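The primary structure of each chain is shown beneath.
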Amino acid sequence: MSSTNLIVPAAPAFLDPLIEIESCYYYAVPRFFGFHHPNTRWLIAMIKAKEEDRVKRKIELNPELFKGRYFQMVDHPKLYLPDDPSVTPMFKRQSVLYLTALGISIYLRSLPLIDLILFHKDPYGAVVGSPYEPQFASHLQDLKYGDFHAFPPCVIMLRMYCFESTVSLQQAGWNPTQPLALPMRRRFERRAFYFYDWLEAALGLLSERPLYPLQSLILNMTRNMTIYKFLMLPTTNLLPPTPKQRVPTGLIDVEELPVGTKMVGVRSLLEMAEDYDRYLQMRSCAIEVAALKREATAVGLNPEILMIQAQDYDGYVADKEAAEENENNAATAALRNASNVANSAASISGWWRSCGLGRPRLPDRLWAVEPDTRQQRLLAVNANNSATNAGSASTADAQSQQRNVSAAAKKKKKPRNYVSEALRVLYYALEKDKTSKRMQVCLDSIIVLSKRGFFVNGERLPADSSRARDLRNVVTLVLNMIQREQEKLDVIFAKIQSGYKKFQHLEEHKMLENRRLASVANISKMIALLTRILLHSKELVFFVNSNFPPFPANTVDFTVNYRLQTKFNDIKIGVVQEFNSIKDGWTYLSKEMLEEVAKIKSMQLHFRVGKQPSAAAIIEAKKAARKSAMRNKPKNKSNMSNTNSCFVTFRKVQRIRAQQRQQDCLAVGDGTRTSAKEALNLLSKEAALPDCTGESENRWWASPLPQSQTTATAVAVGTDADGTPAADANDISEQAAVDASECYQIDAAETGLDEEAQLLHDLTEGCDGLSETGLLMNSLYREVQDLLKSQGDTDSAATRHILAHDR
């Protein structure tokens, strides 16, 4: 699609009904450079070519070219970035955008230009762009008559996935906690998008786009924790006492906006009138200044010097701290004088009233306080008013004490409960995402917050603190999500029992097995997340020792699903197992918590006590571990047929030897004798690869899929599928180690022997360094050697190898 023949529609304009001048808004796009204007084409070409230096030189020469200027674009990123397959429209391809230089930089993901516009200052100290300058769009919904939409630059960042610019926007002054009111004006509709903050807007986009990378957004938003402002949304906004008290979000009518909320990019007629009045005043002042400059020039004076002298500012302060101290002293003295004058005035007025003469007119000299600065005048006026109203200094002291008491009472007031980012994401995944299509994104977002240390506390928080209540709410929602996944597993088991087959072209067990594995993976991830949250918040030990429900009802805002009661003990065992797998888990526990953990036999602490080993000992230990890992490393099955490698177990060797003896293959017996080649073939055919896969899953959420004839019940931790007690984890690992030690691999890639001699060579080489098993293999080797000698087969390579080995 060519941009030269593109016809862009005109920008629309709307005016609300003139009912009140304060609430009558005018919706229109400011003056802008058109789509085919040379300035617009030049700026986009520089961004595409990554010529930020040329843009910087242009800004240094003429910064007014970019300040408050808008450029018209079409919402079709393929026209500007044809080589980037990941770009998508911000709204849709038929939309028209009116963006500033900062908006275009974010739209085209030019990070160097974003920093240049936000932080480059002109000679007067003003920046080129602001993170709050409004951006505009039209023809989003009504393609015939057009519509009007305004939004800040952060919306472009959210919709165009330019998450790397979040740190720059925050450093430039963007406050992520501020609410967003984005007007959406159509021909006969007055609506707006309202969001509490950036997270509410991101969750709205997640509802539209199930694969929206929310975890990447949170990762970049919290990259610089020193400037990031944590969200503390009041709990009443998420859980109002009544549905009518809930503040609606999303696309709502303008009348439903909270009181005092100002929409982005629109102005009322009152504001426009005030701006026009200010413009007229400045215009008349400019005309007078121009006339004075002409008169001064005619007389021979320099008008610039006169303008500098007209300003009440010398342009230089020798000592700033000294100047501030003198100003404060002068203000204190003026306040003291004003108080004395006010007290004397109050006493005189009281005497005249007692005499029945009414209030006299005080001479001007009593009130003649001439402060030097505006701050001093304000202090003097406040002192006069307070003294006159109070009538005495004692009353003022009493009022000051009362104010101090009220301030102390406010400090002791119960803290306001709030919801954090993690709680809001979990609430969205549990309550608004009924199909669980966005659950993986939400879980990954919570994991990002946990890795950022969002739940880490230096010590256990008081039970009545707002943060402790928020953490308990987070744990409650994670438990409810685990129960929801367990209910999915129950549905799968019920379908297997009923023989229900939803898709005729797929195998039933394959489809249900995939769903079961997905639910098992989700539960495992939730258990790991729950363990991390409890460990970081210093609540792990108390959770393990608690009963169902884990928290009292008055300490949380959500209730735990009652169906989780039967699985609560299993969840606690899963948390303990996850804690045992964390090597540095003990570092998050205090001394008292470590003592409690030591009393629980199922919990393990991975730390060493004693003298630290030397560097040489550590190196030797690493070498030994590396050699052991290489020795026990299994061979890739895809290379077995190419390298003529075989896997032999010593137990199978004993069984093969017993079978050979039963068949009299190696004895004279009935006069028949088995050849060496047949014996070797028999040995190689009977040898099989043992099962060295290690321990199997022994968790209640990872139980094997039951058959259609059996009862579908979840297997509890510590028991097998048949109900018998399962082996301990240490026993399982020891058995796996024994199986691994009994299995070794013989590779024949580098030797040039034939198959018979190669197998004999591998058997002899593999037995070196073994005790009991080596003797067994040597006995087998000697029997095959005797067989070869008895046959008189001295010409084969196997016989030559045996004779060489004997020598």
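Attention in this report is confined to the structure presented alongside it. (Residues numbered from 1 in each chain as written. Predicted model: local features only at pLDDT ≥ 70, side-chain atom pairs only at ≥ 80, totals over all residues. Heavy atoms only, no water.)

**Considerations on the packing of aromatic side chains**
Rules: The aromatic pairing rule takes the rings of Phe, Tyr and Trp, using the six-membered ring of Trp, and pairs them if the centres are within 6.5 Å, calling planes under 30 degrees apart stacked, those over 60 edge-to-face and the rest tilted. Secondary structure elements follow DSSP: runs of H or I no shorter than four residues count as helices, runs of E no shorter than two count as strands, and numbering proceeds from the N terminus. Per-residue accessibility, obtained with a 1.4 Å probe over protein chains only, is compared with the maximum for each type, and a residue is labelled buried under 20%, exposed over 50%, and partly exposed between these values. Two thresholds decide whether a charge sits over a ring: the Lys NZ or Arg CZ must be within 6 Å of the ring centre and within 35 degrees of the ring normal.
Going through the model one piece at a time under the given rule, you end up with 18 aromatic pairs. Plain terms: the ring middles of Phe230 and Phe454 are 5.8 Å apart, the flat faces sit at 45° to each other, and that makes the pair tilted. On the criterion of sequence distance, the pair formed by Phe230 in the loop between helix H9 (214-221) and strand E10 (233-234) and Phe454 in the loop between helix H17 (439-451) and helix H18 (466-498) is long-range, its members being 224 residues apart. Residue Phe454 is classed as buried on the basis of its relative accessible area, which comes to 8%. Put simply, the rings of Tyr27, Tyr70, Phe136 and Phe148 touch in pairs and so form one group of aromatic residues. Against the face of Trp42 rests Lys58, its NZ or CZ located 5.6 Å from the ring centre. Here Arg467 stacks its cationic end above the ring of Phe454, 5.8 Å away from the centre of that ring.

**Side note on the nonpolar core**
Worth spelling out the cut-off: Nonpolar cores were defined as sets of buried Ala, Val, Leu, Ile, Met, Phe, Trp, Tyr and Cys residues, with membership established by side-chain atoms within 4.5 Å. In this analysis, two residues are considered to be in contact whenever any of their non-hydrogen atoms come within 4.5 Å of each other.
Counting residues in hydrophobic clusters, the biggest one holds 142 residues, and the most contacted among them are Tyr80, Tyr107, Leu214 and Leu217. Take this core: its biggest share by element is 10 residues, from H18. Apart from the residues lying within four places of it in its own chain, the contact partners of Tyr80 are Phe35, Ile44, Lys48, Met73, Val74, Tyr107 and Leu108.

**What to know about a positive patch on the surface**
Let me state the cut-off plainly: Here, patches come from residues exposed beyond 30% relative accessible area and free of salt bridges, joined within 9 Å for like charges and within 5 Å for nonpolar side chains (Val, Leu, Ile, Met, Phe, Trp, Tyr). Per-residue and other accessible areas follow the Shrake-Rupley method at a 1.4 Å probe size, with only the shown protein chains counted as cover for residues. Should a side-chain nitrogen of Lys or Arg be within 4 Å of a carboxyl oxygen of Asp or Glu, the pair is scored as a salt bridge. The sign given to each residue is positive for Lys and Arg and negative for Asp and Glu; His and the chain ends receive no count. Where a charge lies is defined by one atom per residue type: Lys uses NZ, Arg uses CZ, Asp uses CG and Glu uses CD.
A contiguous patch of positive charge on the surface is contributed by Lys622, Lys623, Arg626, Lys627 and Arg631. Note on placement: Arg631 falls in helix H23 (residues 615-631). When its relative accessible area of 63% is taken as the criterion, Arg631 is described as exposed.

**A look at empty space enclosed by the protein**
Counted only if it meets this: A cavity here means a set of 1 Å grid points, computed over protein atoms only, where a 1.4 Å probe fits but cannot escape. A pocket is an open set with protein on both sides within 12 Å along at least 5 of 7 lines, and lining residues have an atom within 4 Å of a point. Grid points are joined across faces, edges and corners, and a volume is the space filled by probe spheres set on the points.
Summed over the entire model, instances satisfying the criterion amount to 4 cavities of 30 Å³ or more. Taken as a whole, the largest cavity holds about 80 Å³ of empty space. For the lining of the largest cavity, the secondary-structure elements that each account for two or more residues are helix H8 (198-208) and helix H16 (421-432). When residues in the lining of the largest cavity are grouped by element, the largest group, 4 residues, is from H16.

**Brief notes about the sheet that holds strand E8 (residues 180-185)**
Worth spelling out the cut-off: Any two strands are treated as partners once DSSP identifies two or more bridges connecting them. Lines are fitted to the C-alpha atoms to define the axes, a helix being fitted only along its stretch in contact, and any angle between axes, read from their N-to-C directions, falls within 0 to 180 degrees.
Spatial strand order, E3-E4-E5-E6-E7-E8-E9-E11: 8 strands in an open sheet with mixed pairing. The two strands at the open ends of the sheet, each matched to only one other strand, are strand E3 (32-33) and strand E11 (250-253). Here strand E7 (residues 148-151) runs beside E8; their pairing, made up of 2 bridges, is antiparallel. When the bridges of E8 are listed, Phe148 appears paired with Arg185. Contacting E3 and strand E4 (70-74), helix H1 (residues 38-48) crosses the sheet at an angle of about 75° to E4.

**Topic: the sheet that holds strand E1 (residues 13-15)**
Strand order in the open sheet formed by 3 strands is E1-E2-E12, with antiparallel pairing between adjacent strands. Single-partner strands in this sheet number two, and they are E1 and strand E12 (267-268). Where E1 lies against strand E2 (residues 25-28), 3 bridges are found, and the strand directions are antiparallel. Note on E2: the bridge partner recorded for Ala13 is Ala28.

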